[in-house]
2 protein chains.
Amino acid sequence: VCTHTYTLIYEGKSKRVYVKNRDELILEFKDEVTARDGALRSFIRGKGIINARVSAYFFSVLNKKGIDTHFLDYDGARKMAVKKLRMLPLEVIVRNYAYGSQLKRIPLLKPLQELNPPIVEFHYKDDSLHDPLIIVDDIINSGIATHEELNFIIKTSLRINDILREVFSEAKLKLIDFKIEFGRDRDNKLILADEISGDTFRVLDDNGKHLDKEVFRRTGDPKLLIDAYIRLCEKLGIKVDDIDFHG
Amino acid sequence: VCTHTYTLIYEGKSKRVYVKNRDELILEFKDEVTARDGALRSFIRGKGIINARVSAYFFSVLNKKGIDTHFLDYDGARKMAVKKLRMLPLEVIVRNYAYGSQLKRIPLLKPLQELNPPIVEFHYKDDSLHDPLIIVDDIINSGIATHEELNFIIKTSLRINDILREVFSEAKLKLIDFKIEFGRDRDNKLILADEISGDTFRVLDDNGKHLDKEVFRRTGDPKLLIDAYIRLCEKLGIKVDDIDFHG
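Notes on the structure follow. Since this is a predicted model, take the numbers as computed values, not measurements.

Turning to the pairing of strand E15 (residues 201-204) of chain A, a few remarks are in order. All names here are of chain A. Burial of E15 is two-sided: the residues Phe 201 and Val 203 facing one way and the residues Arg 202 and Leu 204 facing the other way are all buried. Pairing of strand E12 (residues 174-180) with E15, which is carried by four bridges, proceeds in the antiparallel orientation. In the sheet register, Phe 178 faces E15, and the bridge partner there is Phe 201.

Attention shifts here to helix H6 (residues 222-236) of chain B. Each α-helix winds once per 3.6 residues, and so residues spaced three or four apart point in a common direction. Residues and elements named next belong to chain B. Counted at 1.5 Å a residue, the expected span for H6 with its 15 residues is 21 Å, and the 21 Å between its end C-alpha atoms agrees. Of all the residues in H6, the buried ones are Leu 225, Ile 226, Ala 228, Tyr 229, Ile 230, Leu 232, Cys 233 and Leu 236. Here the buried face of H6 lies against strand E4 (32-35), helix H1 (47-64), helix H4 (147-170), strand E15 (201-204) and helix H5 (214-219). Where H6 begins, one side-chain oxygen reaches toward the backbone nitrogen of Lys 223, 2.8 Å away; that side chain belongs to Asp 221.

Okay, H1(B) next. All names here are of chain B. With 18 residues, H1 extends 26 Å from end C-alpha to end C-alpha; this agrees with the ideal 26 Å at 1.5 Å per step. Summarising burial for H1: 14 of the 18 residues are buried, a large majority. Backbone geometry just downstream of H1 places Gly 66 in the positive-phi region, at approximately 95°.

Moving on: the packing of aromatic side chains. The tally for this structure, following the rule as stated, stands at ten aromatic pairs over all chains. Taken together, a centroid distance of 4.9 Å and an interplanar angle of 70° make the contact between Phe168(A) and Phe201(A) edge-to-face. With Phe168(A) in helix H4 (residues 147-170) and Phe201(A) in strand E15, this residue pair connects regions lying 33 residues apart in the sequence. Residue classification places Phe168(A) among the buried positions, given a relative accessible area of 0%. An aromatic cluster of at least three residues, connected via ring pairs, comprises Tyr57(A), Phe58(A), Phe168(A) and Phe201(A). Here the guanidinium or amino end of Lys174(B) rests over the ring plane of Tyr97(B), the centre of that ring lying 4.5 Å away.

The rules we used
- Residues numbered from 1 in each chain as written.
- Chains lettered and ligands numbered in written order.
- Predicted model: local features only at pLDDT ≥ 70, side-chain atom pairs only at ≥ 80, totals over all residues.
- Heavy atoms only, no water.
- Buried < 20%, exposed > 50% of the residue type's maximum accessible area, 1.4 Å probe, protein only.
- Helix = DSSP H or I, 4+ residues; strand = E, 2+ residues; numbered from the N terminus.
- Pairing = 2+ DSSP bridges.
- Expected span 1.5 Å × (residues − 1).
- Contact = heavy atoms within 4.5 Å.
- Polar contact = N/O pair within 3.5 Å; in protein donor to acceptor, adjacent residues only side chain to side chain.
- Phe/Tyr/Trp six-rings, centres within 6.5 Å; stacked < 30°, edge-to-face > 60°.
- Lys NZ or Arg CZ within 6 Å of the ring centre and 35° of its normal.

In structure tokens form, the structure reads like this:
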């Protein structure tokens, strides 16, 4: 997958998006990391490759388990070919344990309190509004999705949670929560999109240590983050010894 | 209802609360009005009496229709005797038309777009957090209420909405939305509490003019607000000619 001949159509905080052809895009994972609404920002060599590789790994697992994802191909480095979709302006968050923004809105919950059954919540994707929490009725009333589509998204998100939990559990990691996004293909079918990486899930190892972006949110230290991401890959059996972290 | 012999146990932005006896409280409606998280604050002679009177009026209507409310007695001025309850830390908002904070979180909705069916949403009552929106699972997981209790609250809130809409409709007013609060009595029964006034509902007259606190939120002018509250009472057939608005 080569990008220099493709047209850049979007550059986000952690990815660039290129047009490959009428039906496909190229996602290029950047070495930048940002947190706290962009207040923390840093460059970490190797981070883009790791996140592309972790995402490719999880999309492959999910595809095998029958979840439709946008993933098509991975170049072994920082680029991924994906299906072109019309994205829903939603962040879908699945939570197994109380954490993060959930504790801020409802401090009566104990940190890391188990949520059984897991919960699915929705945020309207808009940086300028800080991706606010919305309720199911907002999604239907605004026409983002129909009631049936929303039920499909909830069911699929919980199924994805089951699959991810199993993978992490075999790696002796505990899945706290994760964020996913969906888009529509030509036939209006809802497909899992975006990425699945340490930037979008939170996992704890046996010692309660984060192997995810929380490390950077807390410390602002890109070196500690890349160490955590390397350990994450080791736990998952994802090869990283070919990556040049020092340049 | 006389308060000077009673113990003040709480003073909020618009009400004082006194202990009457083991089972009853006195609510005293103040002449203060605040908006925008306390950034706007003013004193309006007569506002306390009007809001006490409007609340007494609506609680009486709801009691007659079989809704359990905390309302016991009204002194004709700014004081109301109510049942002592253990309040839930929730603001329950019922919306018939998209407005206010809903448009802020989901700007895809059109202002005053009809919400059919009406929606019920929940906010965690905490000024320092700006009463954040929460989801149903947060309420259950935090132990604020059980699943059955929450269903009761939703059903009761929608029934209250039906009753209020009917009253307003007869007064040629359109009910946009309102905020209510519930508490538990000794037997853990959920009872409608707090107040029902121009401070807690939004209504439009035939010309699309607000007869509610929105007037003050927008203009910061206490005189315009009291004029709107007087018109509201006139529309509802609530007597105000005995109130001294000038002192």
